[in-house]
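# Commentary on secondary and tertiary structure
As a plain string of letters, each chain reads:
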Amino acid sequence: MAKLRLKITKGNEIRYVSHLDFAGTIERVVRRAGLPAAYSEGFNPHLKMAFASALAVGVTSEAEYLDLELTAAPDVAGIEARLKAQLPAGIELKAARYVHTPSPALMAVVNLATYDIMVPLMPAATLAAAMTSLSSFNSEVEILYIKESPKGRREIDITEFLAGPVTASLAADNQSLTVRLAIRITPSGSVKPAEVLAVLTGRYGLPADGGNALIHRTGLFVWDGRGQRSPLEL
């Protein structure tokens, strides 16, 4: 048995595809590529595949990771060629490598996600006003937020899930901001970048049109408080 770790993208073409459908697409790609995939036992066997972190609908990504169990270990170059031939538009294979087994589940070790949010500035808004808003937000020691989910409502402190200050710069079109943030993924949960943006615009006066924001995940990492590593470096 071998464990293959893949780094793939989720592009704009499929940004509104759910995580479940995204995973189903990868499963079909693996089958069509003819890889020696391992399956679970039982009446409804399924591919032994596990993602590091689910991506919200509407969010694109340049760094999604998944582990795929194989019954044999063909050479990686051949696997990459077979997978790339089957991938649909919107998904690119960026890298692949075998990892030692047994190894911890990706979901158990990946604990940091970084994002870029491209958001239009409101008419007549200035970069200086945006910086003032961010400065106010970043100086807070506690930012309470009611998080809603199918499981109910609960209050969280957003600052507990931010790995550093939220920053922003003027985008190339001079009419949008690129907001950058790093979010911790903890056993007790996390906060979504869209939720942080909603607080920035709603409570801290960030002069941006949050309803037309484009959220892009730029990385997933294993972070130990001193540095971060890609799951492919483990």
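Residues numbered from 1 in each chain as written. Predicted model: local features only at pLDDT ≥ 70, side-chain atom pairs only at ≥ 80, totals over all residues. Heavy atoms only, no water.

Under an unreviewed UniProt entry, the name given to the protein is Radical SAM-linked protein, and the source organism is Sporomusa termitida.

Our focus in this paragraph is helix α5 (residues 193-203). Within α5, the full set of buried residues consists of Pro 193, Glu 195, Val 196, Leu 197, Val 199 and Leu 200. Looking at the buried positions of α5, the neighbouring elements they touch are β5 (112-120), α4 (127-138), β6 (144-149), β9 (176-184) and β10 (214-223). Gly 205 lies just past α5 and shows a positive phi near 70°. (Buried < 20%, exposed > 50% of the residue type's maximum accessible area, 1.4 Å probe, protein only. Helix = DSSP H or I, 4+ residues; strand = E, 2+ residues; numbered from the N terminus. Contact = heavy atoms within 4.5 Å.)

Now for the pairing of strand β1 (residues 2-10). Among the nine residues in β1, eight count as buried, and that is most of the element. For β1 and strand β3 (residues 60-70), the ladder comprises eight bridges, and the chain directions are antiparallel. Note that in β3 the partner of Ala 2 across the bridge is Leu 70. Pairing of β1 with strand β4 (residues 93-99), which is carried by six bridges, proceeds in the antiparallel orientation. The residue of β4 that forms the bridge with Leu 4 is Tyr 98. (Pairing = 2+ DSSP bridges.)

A word on the packing of aromatic side chains. In the structure shown here, the tally under the stated rule is two aromatic pairs. Plain terms: the ring middles of Phe 22 and Phe 51 are 5.8 Å apart, the flat faces sit at 50° to each other, and that makes the pair tilted. Residue Phe 22 is found in helix α1 (residues 19-33), and its partner Phe 51 is found in strand β2 (residues 49-51); the two are separated by 29 residues along the sequence. When the ring of Phe 137 is compared with that of Tyr 204, the centres are 5.4 Å apart and the planes differ by 85°; the resulting orientation is edge-to-face. Taken together, the residues Phe 137 in helix α4 and Tyr 204 in the loop between α5 and β10 connect sequence positions 67 residues apart. (Phe/Tyr/Trp six-rings, centres within 6.5 Å; stacked < 30°, edge-to-face > 60°.)

Here we come to the environment of Ala 37. When you line up the elements, Ala 37 lands in the loop between α1 and β2. Note on Ala 37: relative accessible area 13%, which makes it buried. Separated by ten residues in sequence, Ala 37 and Glu 27 place their C-alpha atoms 9.6 Å apart. Ignoring any residue separated from it by four or fewer positions in sequence, one finds Ala 37 in contact with Val 30, Leu 47, Glu 69, Leu 70 and Thr 71.

If you look at the biggest cluster of nonpolar residues, it comprises 41 residues, and the most contacted ones within it are Phe 137 and Ile 158. Residue assignment for this core shows that the elements contributing at least two residues are β3, β5, α4, β9, α5 and β10. No fewer than three residues from each of domain 1 (2-107) and domain 2 (112-229) sit in this core. Ignoring anything within four residues of it in the chain, the contact list for Phe 137 reads Ile 143, Ile 158, Leu 162, Val 166, Val 196, Val 199, Leu 200 and Tyr 204. Within the second largest apolar cluster, 24 residues are counted, among which are Ile 8, Val 30, Leu 35 and Phe 51. (Core = buried A, V, L, I, M, F, W, Y, C linked by side-chain atoms within 4.5 Å. Domains from an automatic or database assignment.)

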